[in-house]
Amino acid sequence: MNENIYEIVEAYLSNTLSEKERNEFERQLSEDPAFQKEVKPILASELALKAEVNSQRRERFNQWFEDAEQEGLNKAPAISRRIIPFALIGSIAAALIFLLLSFWPSSQMDSPEKLYADNFAPYYPPETRGGQPIDSIRKMAHVLLLQNNYEEGIPKMELVIASEDLTAEELLEEELYLASAYLDSKKPEKALDLLQNQDGNSLTSKWYQALAHLSLGDWESAKPLLEELKQKEVPYYGERAAKILGGQ
Amino acid sequence: MAENYRKIPDQDLLAGLKSSGRERRDYEEILYKKYINLIWSRPRKYKLTEEEARQAYNDAIMGFLRQIDNEKFRGESSVYTYLKSIFIRKCIDIFRSGPTIDIYEESIEDNLHLPDSSVNLLKSLVSRDELENAMKLLAKLGEKCKELLLLSAEGFKMAEIAQMMGFKNPDSAYSNKHQCKKKLKELFKTSSSY
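All figures in this text were calculated on a predicted structure; none of them were measured in a lab.

Undergrad: I keep staring at the overall build of chain B and nothing clicks. Help me out?
TA: Regarding its fold elements, chain B presents 11 helices and 0 strands. Tracing chain B from N to C terminus, the helices and strands come up as α-α-α-α-α-α-α-α-α-α-α. Within chain B, the proportion of its 194 residues that are buried is 53%. Accessible surface, chain B as shown: approximately 9500 Å² in total, 47% of it carbon and sulfur.

Undergrad: For this particular structure, what's the right way to read the pattern of salt bridges?
TA: Proximity of charged atoms lets side chains of opposite charge pair with each other. Within the structure shown, the criterion is met by 25 salt bridges over all chains. A salt bridge links A:Asp118 to A:Lys114, with the shortest nitrogen-to-oxygen separation between them at 2.7 Å. Within this pair, A:Asp118 and its partner A:Lys114 are both found in helix α6 (residues 112-119), separated by 4 residues, close to a single helical turn. The salt bridge partner of B:Asp102 is B:Arg128, with a shortest N-O separation of 2.9 Å. Placement of B:Asp102 in the loop between α5 (79-97) and α6 (103-109) and of B:Arg128 in helix α8 (residues 128-139) is noted, with a sequence separation of 26 residues between them. Here B:Asp102 falls in the partly exposed class, since its relative accessible area comes to 31%. Through salt bridges with shared partners, one network takes in A:Glu10, A:Glu46, B:Lys177 and B:Lys181.

Undergrad: I'm lost on the interface of chain B and chain A in this one. Help?
TA: Interface size, as often reported, equals the accessible area lost upon joining of the parts. Each partner contributes residues to the interface: chain B has 69 residues there, and chain A has 67 residues. Buried surface at the junction of chain B and chain A, summed over both partners, amounts to about 6500 Å²; 58% is from carbon and sulfur atoms. It is B:Glu76, B:Leu125 and B:Lys185 in chain B that bury the most area against chain A; as a group they hold 10% of the surface buried on that side. For the pair chain B and chain A, the interface holds 12 salt bridges.

Undergrad: Looking at this model, I keep getting lost on the packing of aromatic side chains. Mind explaining?
TA: Each pair of aromatic rings is reported with the distance of its centres and the angle of its planes. If you walk through the whole model with that rule in mind, you get 18 aromatic pairs over all chains. Between A:Phe25 and A:Phe35, the aromatic rings sit 5.8 Å apart at their centres with planes inclined by 80 degrees, giving edge-to-face as the arrangement. Highlighted residues: A:Phe25 in helix α2 (residues 19-31) and A:Phe35 in helix α3 (residues 33-71), separated in sequence by 10 residues. Taking relative accessible area as the criterion, A:Phe35 reaches 11% and is therefore assigned buried. A centroid spacing of 5.0 Å and a plane angle of 25 degrees characterise the contact between A:Phe61 and B:Tyr32, whose relative ring orientation is stacked. Of this pair, A:Phe61 sits in helix α3 while B:Tyr32 sits in helix α3 (residues 21-34), which puts the two residues in different chains.

Undergrad: I keep staring at the nonpolar core and nothing clicks. Help me out?
TA: The nonpolar side chains of a soluble globular protein tend to be buried, and buried together. Within the largest apolar cluster, 49 residues are counted, with the highest numbers of intra-cluster contacts made by A:Ile5, A:Val9, A:Phe25, A:Leu29, A:Val39, A:Leu43 and B:Ile161. Not counting residues within four places of it along the chain, the set of residues in contact with A:Ile5 comprises A:Phe25, A:Phe35, A:Val39 and A:Ile42. If you look at the next biggest cluster of nonpolar residues, it comprises 40 residues, including B:Leu17, B:Phe73, B:Leu83 and B:Phe87.

Undergrad: Please clarify how the packing of helix α9 (residues 143-154) of chain B against helix α11 (residues 170-190) of chain B should be interpreted in this entry.
TA: Residues and elements named next belong to chain B. Interhelical geometry of α9 versus α11 gives an angle of 110 degrees and a closest axis separation of 9 Å. Here α9 is positioned roughly perpendicular relative to α11, judged by the angle of their axes. Mapping the contact onto sequence places Cys145, Leu148, Leu149 and Ser152 in α9 and Ala173, Asn176, Lys177, Cys180, Lys181 and Leu184 in α11. For the contact of α9 with α11, the class distribution of residues is 6 nonpolar, 2 polar and 2 charged.

Undergrad: When you look at the packing of helix α1 (residues 5-13) of chain A against α11(B) in this model, what are you seeing that I'm missing?
TA: For any two helices packed against each other, the geometry comes down to the angle between their axes and how far apart the axes lie. Look at α1(A) against α11(B): their axes get within 11 Å of each other, and the N-to-C directions meet at 90 degrees. Classified by the interaxial angle, the pair formed by α1(A) and α11(B) is roughly perpendicular. Contacts between α1(A) and α11(B) involve A:Tyr6, A:Glu7 and A:Glu10 on the former and, on the latter, B:Tyr174, B:Lys177, B:His178, B:Lys181, B:Lys182 and B:Lys185.

Undergrad: I keep staring at unusual backbone geometry and nothing clicks. Help me out?
TA: Note: most peptide bonds trans; most residues except glycine with negative phi. Positioned with a positive phi, A:Asn148 is a non-glycine residue whose angle comes to about 60 degrees. Mapped onto the elements, A:Asn148 comes out in the loop between α7 (137-146) and α8 (150-162). Under the relative-accessibility criterion, A:Asn148 is labelled buried at 8%. The phi dihedral of B:Glu71 is positive, around 55 degrees, even though this residue is not glycine. Under the relative-accessibility criterion, B:Glu71 is labelled exposed at 69%.

Undergrad: I tried to follow the side chain of A:Glu175 on my own but got confused; where do I start?
TA: Mapping A:Glu175 onto the fold places it in helix α9 (residues 168-184). For the buried A:Glu175, which has no salt bridge, the nearest side chain bearing the opposite charge is A:Arg138, at an N-O separation of 12 Å.

Undergrad: Sorry, what's going on with the environment of B:Ala153 here?
TA: Note that B:Ala153 resides in helix α9. With residues up to four places along the chain from it excluded, the contact list for B:Ala153 reads A:Leu49, A:Lys50 and A:Val53.

Here is what the cut-offs are and how they apply
Residues numbered from 1 in each chain as written. Chains lettered and ligands numbered in written order. Predicted model: local features only at pLDDT ≥ 70, side-chain atom pairs only at ≥ 80, totals over all residues. Heavy atoms only, no water. Helix = DSSP H or I, 4+ residues; strand = E, 2+ residues; numbered from the N terminus. Buried < 20%, exposed > 50% of the residue type's maximum accessible area, 1.4 Å probe, protein only. Areas by Shrake-Rupley, 256 points an atom, 1.4 Å probe, with all protein chains shown as cover. Salt bridge = Lys/Arg side-chain N within 4 Å of Asp/Glu carboxyl O. Contact = heavy atoms within 4.5 Å. Buried area = accessible area lost by both parts, 1.4 Å probe. Phe/Tyr/Trp six-rings, centres within 6.5 Å; stacked < 30°, edge-to-face > 60°. Core = buried A, V, L, I, M, F, W, Y, C linked by side-chain atoms within 4.5 Å. Axes fitted to C-alpha atoms, helices over the stretch in contact; angles between N-to-C directions. Parallel < 35°, antiparallel > 145°, perpendicular 65-115°, else oblique. Nonpolar A, V, L, I, M, F, W, Y, C, P; charged D, E, K, R; others polar. Lys, Arg positive; Asp, Glu negative; His and termini not counted.

Spelled out as structure tokens, the structure:
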């Protein structure tokens, strides 16, 4: 048995073998039972080592979480309420109100761009279930957008929308996926252009229009859209809109 | 120190995460702490407990690191936006299926930089049971060997390992690593599962 087999397996798993070497290695693995018997335990042990590394990494995450609490990096609200006496809370609240009134609004307002960054979450297409074939450009575009692969996903989604095979309802939905992808790849003007020209203007569309305005630093255009979402108590978006408006 | 985490720009953070060994670990910590408030800004509609949101965040960080290792993160969006999108998807997963960690799938996903055919071959050769058995055998390897192999698997360089573990030089660490791998393979051969 080749003494270098450990290095070869490491190189195989780190994808540093040439294509020719990789093909030869895989051919031997598939066709030579003796070779497979030798290599399989090494492959299994490499995977086990990776799994153990992941497990140790998760343990460090738990430690860092505890550290972050000590360092005051996170904002767990319930703990402070239990620990701090009511009188102290009252004094702190009074001091905060005083400070807020003294400096408001010049120093406390978040910029529209920050509001966008804090509130944007992609509008993802439905996931293609495992094993289900990716048999159309539409499904392929969905998969690429789900992977945040906008470079390839956006042109495919533009093709899907340009085709005439969609129902009106499907078209509105696909346009939202594309607008979200535009926004996430820092093209808010394109997102806005697409959403404002939709044939039918859903409340979800208005939420993403508001985010596009915020991304462009245009608070005045975002505000009426957010107010509408808040007033109509739209699930999720209404709550977020109220929070944004409340902070301004 | 605490506030400094938030000031580190994406470019520096990503460069640190692409390094190896001790430096990489330090940047993993910075990444973890920089965006930890995502746990408290989780979407309310999924009604996750704090513990579940914490797992979703841990899963999101693991997923993000894997994307860096597999060179899938192209920098088209900010680290925050990208991480938040993974976090929301992990929240949805936990909302639908509960907080479970699939060690087997994770270890396969660690190899997604390989072509699909190679990933499929790997799956066909090493089953879930065989991976679990391999993990049990690691425990029988002895502390020093296990630590050496784990540091190497995490990407530490031999010079770093030699310094951390008290080997004379990188060559000595390398030679010990080779012996430990042989020992692990022998354990497999004597194991009833093979």
